[in-house]
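# Architecture and fold: a report
Okay, here's what each chain looks like letter by letter:
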Amino acid sequence: GEAPNVAIHLGGPVEPQRGFLIHSPDWGGAETLDVGTRWRLSATIDILKAIAAGQGPRRWVAALGYAGWGAGQLEEELQRHGWFTTPGDDSLLYDAHVDDRWARAFRAAGIDPALLSASSGTA
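Here is a short report on the structure shown in this document.

The rules behind these values
- Residues numbered from 1 in each chain as written.
- Predicted model: local features only at pLDDT ≥ 70, side-chain atom pairs only at ≥ 80, totals over all residues.
- Heavy atoms only, no water.
- Phe/Tyr/Trp six-rings, centres within 6.5 Å; stacked < 30°, edge-to-face > 60°.
- Helix = DSSP H or I, 4+ residues; strand = E, 2+ residues; numbered from the N terminus.
- Buried < 20%, exposed > 50% of the residue type's maximum accessible area, 1.4 Å probe, protein only.
- Polar contact = N/O pair within 3.5 Å; in protein donor to acceptor, adjacent residues only side chain to side chain.
- Contact = heavy atoms within 4.5 Å.
- Pairing = 2+ DSSP bridges.
- Axes fitted to C-alpha atoms, helices over the stretch in contact; angles between N-to-C directions.

What follows concerns the packing of aromatic side chains. Applying the stated criterion across every chain, the model contains 4 aromatic pairs. Seen in terms of ring centroids, Trp 102 and Phe 106 are 5.6 Å apart; in terms of plane orientation they differ by 85 degrees. Their pairing is edge-to-face. Separated by 4 residues within a single helix, Trp 102 and Phe 106 lie in helix α4 (residues 101–108), roughly one turn from each other. Looking at Phe 106, the relative accessible area reads 16%, which means it is buried. Taken together, Phe 84, Trp 102 and Phe 106 form an aromatic cluster joined through their ring pairs.

Turning our attention to the side chain of His 23. Within the secondary structure, His 23 is located in strand β2 (residues 14–23). Here His 23 falls in the buried class, since its relative accessible area comes to 0%. At a separation of 2.7 Å, a polar atom in the side chain of His 23 contacts the side chain of Ser 42. Aside from chain neighbours lying at most four places away, what touches His 23 is Thr 32, Arg 38, Trp 39, Arg 40, Leu 41, Ser 42, Ile 47, Pro 57, Arg 59, Trp 60 and Tyr 94.

So, about the sheet that holds strand β5 (residues 60–66). An order of β1-β5-β2-β4-β3 is seen for the 5 strands of this open sheet, with the pairing classed as mixed. Strands with a single pairing partner mark the edges of an open sheet, and in this sheet they are β1 (8–10) and β3 (33–35). Across this sheet, the average inter-strand angle for adjacent strands is 30 degrees, counted without regard to direction. Summarising the sheet, β2 and β5 pair through 6 bridges and their orientation is antiparallel. When the bridges of β5 are listed, Ile 22 appears paired with Val 61.

See the structure below:
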């Protein structure tokens, strides 16, 4: 079989030579991790072989590398409003074009991304 021609995302600066796939829960390998109840994460060659053979998960997104945080670092960033979070959405993850994904997430939360600014001030 032959795998489809798809975009590979930059998952982060750690281990950029290692691949990761977040995918639908209809496939799992020996080292697959559940991500909540809606998604799974696989990082072994088995999932690529399954996809190439037409036996992999129905939906998936691939990335090279990952981002890592020290103990408590991510929780601290979330408390300082360093992140904008939205509810998990299959359509946003799998169907949205990569160039429109962040804008769709803001719009789904009721925020017009055209009104966002890269600078801030104090009042």
